[in-house]
Amino acid sequence: MLIKSQRLTLFSPLFPKPRPFPVNSHQTLVTESVLTRRKLGENSEKKRGDLVKQSIWEQMKEIVKFTGPAMGMWICGPLMSLIDTVVIGQGSSIELAALGMAAKKMFGAADASVLVTDLRRSFDDGVTRGYEWRVTQLKQLLIMCDNHEPEIVAALRDDLGKPELESSVYEVSLLRNSIKLTLKQLKNWMAPEKAKTSLTTFPASAEIVSEPLGVVLVISAWNYPFLLSIDPVIGAISAGNAVVLKPSELAPASSALLAKLMEQYLDSSAVRVVEGAVTETTALLEQKWDKIFYTGSSKIGRVIMAAAAKHLTPVVLELGGKSPVVVDSDTDLKVTVRRIIAGKWGCNNGQACVSPDYILTTKEYAPKVIDAMKKELETFYGKNPMESKDMSRIVNSTHFDRLSKLLDEKEVSDKIVYGGEKDRENLKIAPTILLDVPLDSLIMSEEIFGPLLPILTLNNLEESFDVIRSRPKPLAAYLFTHNKKLKERFATTVSAGGIVVNDIAVHLALHTLPFGGVGESGMGAYHGKFSFDAFSHKKAVLYRSLFGDSAVRYPPYSRGKLRLLKALVDSNIFDIFKVLLGLS
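Everything numeric in this text was worked out from a predicted model, so none of it was measured.

### Some points on the overall build of the chain
Along the chain, the regular secondary structure elements total 22 helices and 22 strands. Taking all 584 residues of the chain together, the buried fraction comes to 53%. When the accessible surface of the chain is split by element, carbon and sulfur atoms take 57% of a total near 26300 Å².

### Describing the side chain of Glu207
Tracing the backbone shows Glu207 in strand E4 (residues 204–212). A distance of 3.1 Å separates the side chain of Glu207 from the side chain of Tyr543, its partner in a polar contact. With residues up to four places along the chain from it excluded, the contact list for Glu207 reads Pro192, Glu193, Lys194, Ala195, Lys539, Ala540, Val541 and Tyr543.

### Comments concerning unusual backbone geometry
The omega torsion of the bond from Phe202 to Pro203 falls at -5°, within 30 degrees of zero and hence cis. Of note, the amide linkage connecting Pro555 to Pro556 takes the cis form, showing an omega dihedral of 0°. Here Pro556 is to be found in the loop between strand E22 (536–544) and helix H21 (559–569). Backbone geometry places Asn349, a non-glycine residue, at a positive phi of 55°. Checked against the element boundaries, Asn349 lands in the loop between helix H14 (333–344) and strand E11 (356–362). Under the relative-accessibility criterion, Asn349 is labelled buried at 2%. For His527, which is not glycine, the phi torsion reads 95° and is therefore positive. Tracing the sequence through the fold places His527 in the loop between strand E21 (525–526) and helix H20 (529–534). For His527, a relative accessible area of 9% translates into the label buried.

### A few points about the pattern of salt bridges
Counting across every chain of the model gives 20 salt bridges. With its nearest N and O atoms 3.1 Å apart, the salt bridge here joins Asp118 to Arg121. Remark: Arg121 and Asp118 occur in helix H6 (residues 109–124); sequence separation between them is three residues, near one turn of the helix. Taking relative accessible area as the criterion, Arg121 reaches 46% and is therefore assigned partly exposed. We note a salt bridge from Asp533 to Lys529, for which the minimum N-O separation is 3.0 Å. Of the two residues, Asp533 and Lys529 both sit in helix H20, four residues apart, roughly one turn of that helix. Judged by its relative accessible area of 25%, Asp533 is partly exposed.

### Focus on the packing of helix H7 (residues 131–147) against helix H9 (residues 164–190)
Interhelical geometry of H7 versus H9 gives an angle of 165° and a closest axis separation of 10 Å. With respect to each other, H7 and H9 are oriented roughly antiparallel. The element H7 and its partner H9 pack so that their crossing is left-handed. Here Tyr131, Arg134, Val135, Leu138, Lys139, Leu141, Leu142, Cys145 and Asp146 of H7 lie close against H9, whose contacting residues are Val172, Leu175, Arg176, Ile179, Lys180, Thr182, Leu183, Leu186, Lys187 and Met190. Among the residues forming the contact of H7 with H9, the class breakdown is 12 nonpolar, one polar and six charged.

### A short note on the sheet that holds strand E10 (residues 323–327)
Taken in spatial order, the seven strands of this open sheet run E12-E15-E16-E11-E10-E17-E18, and their pairing is mixed. The outermost strands of the open sheet, each flanked by one partner alone, are strand E12 (416–418) and strand E18 (498–501). Between one strand and the next, the sheet's axes are offset by a mean angle of 25°, whatever the strand orientation. Two elements, E11 and strand E16 (residues 452–458), share four bridges in a ladder whose sense is parallel.

### A few points about the environment of Asp330
Position of Asp330 among the secondary structure elements: in the loop between E10 and H14. A relative accessible area of 36% means that Asp330 is categorised as partly exposed. Measuring from C-alpha to C-alpha, the distance between Asp330 and Thr481 comes to 5.5 Å, with 151 residues separating the pair along the chain. Here Asp330 is in contact with Thr481, His482 and Asn483, once residues within four sequence places are set aside.

### What to know about the sheet that holds strand E20 (residues 522–523)
Hydrogen bonds between backbone atoms are what pair the strands of a sheet, whose relative direction is either parallel or antiparallel. The strand order across the open sheet formed by six strands is E7-E6-E5-E8-E9-E20, and the pairing between neighbours is mixed. Two strands lie at the open edges of the sheet, namely strand E7 (271–273) and E20, each paired on one side alone. Where strand E9 (residues 315–318) meets E20, two bridges bridge the pair, whose relative direction is antiparallel. Within E20, the residue paired with Leu317 across the bridge is Met523. Packing against the sheet, helix H12 (residues 278–285) makes contact with strand E5 (215–219), strand E6 (242–246) and strand E8 (291–295), and its axis sits at approximately 155° to E5.

### Observations regarding the packing of aromatic side chains
Counted according to the given criterion, the structure contains seven aromatic pairs. Arranged with centres 6.2 Å apart and planes meeting at 90°, the rings of Phe380 and Tyr381 form a pair that is edge-to-face. Classification of Phe380 by relative accessible area gives partly exposed; the value is 28%. Linked through ring pairs, Phe293, Phe515, Tyr526 and Phe535 together constitute an aromatic cluster. Seen from the ring of Tyr224, Lys162 lies directly overhead, with NZ or CZ sitting 3.5 Å from the centre.

### What to know about the environment of Pro232
Structurally, the position occupied by Pro232 is in helix H10 (residues 227–238). Assessed through its relative accessible area of 0%, Pro232 is described here as buried. Distance from Pro232 to Val243, taken between C-alpha atoms, is 9.9 Å for residues 11 residues apart in sequence. Apart from the residues within four sequence positions on either side, Pro232 is in contact with Val218, Leu227, Phe293, Tyr526 and Phe535.

Conventions used here
- Sequence order as written defines residue numbering, which begins from 1 separately in each chain.
- The predicted nature of this model means local features are confined to residues of pLDDT at least 70 and side-chain atom pairs, given and counted, to a pLDDT of 80 or more, with totals for whole chains, interfaces and linings taken over all residues.
- Computation of side-chain values covers all heavy atoms of the structure but excludes hydrogens and water.
- Starting at the N terminus, helices and strands are each numbered in turn, a helix being any DSSP run of H or I of at least four residues and a strand any DSSP run of E of at least two.
- Three labels apply to residues, based on accessible area from a 1.4 Å probe with only protein chains included: buried if under 20% of the type maximum, exposed if over 50%, partly exposed otherwise in between.
- Only the protein chains shown count as covering a residue, and every accessible area follows the Shrake-Rupley method with a 1.4 Å probe.
- Whenever a nitrogen or oxygen atom comes within 3.5 Å of another N or O atom, the pair is scored as a polar contact, on the condition that within protein one atom can donate a hydrogen and the other can accept it, and that pairs from neighbouring residues in sequence are kept only if both atoms are in side chains.
- Here a residue-residue contact requires only that any non-hydrogen atoms of the pair lie within 4.5 Å.
- Every case where a carboxyl oxygen of Asp or Glu lies within 4 Å of a side-chain nitrogen of Lys or Arg is listed as a salt bridge.
- Every angle, taken between N-to-C directions, lies between 0 and 180 degrees, and every axis is a line fitted to C-alpha atoms, over only the stretch in contact when it is a helix.
- Orientation categories follow fixed angle ranges, with anything under 35 degrees roughly parallel, anything over 145 roughly antiparallel, 65 to 115 roughly perpendicular, and all other angles oblique.
- Handedness of a crossing follows from how the near helix is turned relative to the far one, being left-handed for an anticlockwise turn of less than a right angle and right-handed for a clockwise one.
- Gly counts as polar in this scheme, as do all residues outside two lists: the nonpolar Ala, Val, Leu, Ile, Met, Phe, Trp, Tyr, Cys and Pro, and the charged Asp, Glu, Lys and Arg.
- At least two DSSP bridges between two strands are needed for those strands to be called paired.
- For Phe, Tyr and Trp, rings pair up if their centres lie within 6.5 Å, where Trp contributes its six-membered ring, and each pair is then called stacked (planes under 30 degrees apart), edge-to-face (over 60) or tilted (otherwise).
- Note on criteria: charge over ring means Lys NZ or Arg CZ within 6 Å of the ring centre, with the direction from the centre no more than 35 degrees off the ring normal.

Worth remembering: the numbers are spatial, not functional.
Shown next as structure tokens:
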């Protein structure tokens, strides 16, 4: 058994000053390698790999020296073969593999079972139910965001190359707003909601009580690793639940920081973070939860739902899809393309679930749209967008290769009208516009989730409705037009998680609107009170008086009792009087 207070002084050529190392954590090795990558900056993959391997090797030798051969091999064994076998690259680096392999020793099904048991004990003891506990945790989250914004921005830059503006505004500021709203409204949300009664239950009163579900699991995504992790947790805590957060292993710096900060600021008897990859997630999914909240791909969403079904666990699935943008000729073209660019490349370089996936416009208007987009893209990102510091990079080499495959398909590559440049070493793809790619091509068959934007031309805008209807329901659908009738028709006939007219993605910032999918783009919704409701059971409570008891409901039955009960159930005063007066 390792003792938490044991510390080991770590020496490394990359860290000239001695640094304390907790010997009970394989994942500290991961944190060190994340820091190493940040320190190396734009060095080549090979050089970065060699230095990280050297750093981890030195750390393992120090651990063995300190703990002895047996304990040292137990701690470092899973990493030893890794030193010679892992190929390093940004976002697909040694820290990811180390996290997955080393954590196998640390967190399995038995550990997950113990974790859930501990949290359920806290929930059953009433730790999370009170208003004061909920408010305290929410305030701590707010303090965490305020005190550590620079660290959050740095982690997002390390994982995704995110510009500071995107990190501060689209992640930290949105989280602050969510927490402040919840703190302001929580008493109202927790208060029982009065419900009407009828003659059937007279005399009585009724209410709807928002009851916490119990112990819930939140599995978040890598593209907005802080927003998509903490925002659901806000809902879970505000509703009075114990919660486990599983951040994405594809954003290792963010995952490590989340684990560190949430342990530091929140009540660990009721809120935990589990880092790791497939092994850890599988172990968690084997447990019985009172709700699972997942953000990610529809492929993994099916896995989550299948695992939840074994325990009849309800789920919220925040997925994605191919979100269309319909551009009418009756629009302000400059404003339209600027907003499309901001919602596509200005939101994590297209790596967002509500990102525009393709544009629909008429054959006559398409050239104007393309020219305007080229002009504004150059204004935003310069003549060489690959050098722009205002765009995120692709998360890792796997996703880079997936996007390259979409772009390099034979029937697609010759449809590029702007961009198309790629740099695999630095995981960058230029903003790319394609015209009239085949509808059965890969790029039109799966969610793009990157900086590629096809434009499909139509004979008339009426055809756009048929194109959208022929595909799975998207998470969002967008329309740009001045035409009032077109706006109304689009809003009423297009089925999507959300509709935005004359802008992109801004609906997710409105706490008064539910954010969620429909069909294959997901199920369930959150944001604002919808988050509170997502993690609450709406319990029906009826209070009846013991006075005024009537024999009409009890045997022996008669025709008169039947007529009176039917009148009571129908709440028909006239029929009730007729029965009582013997007129029916």
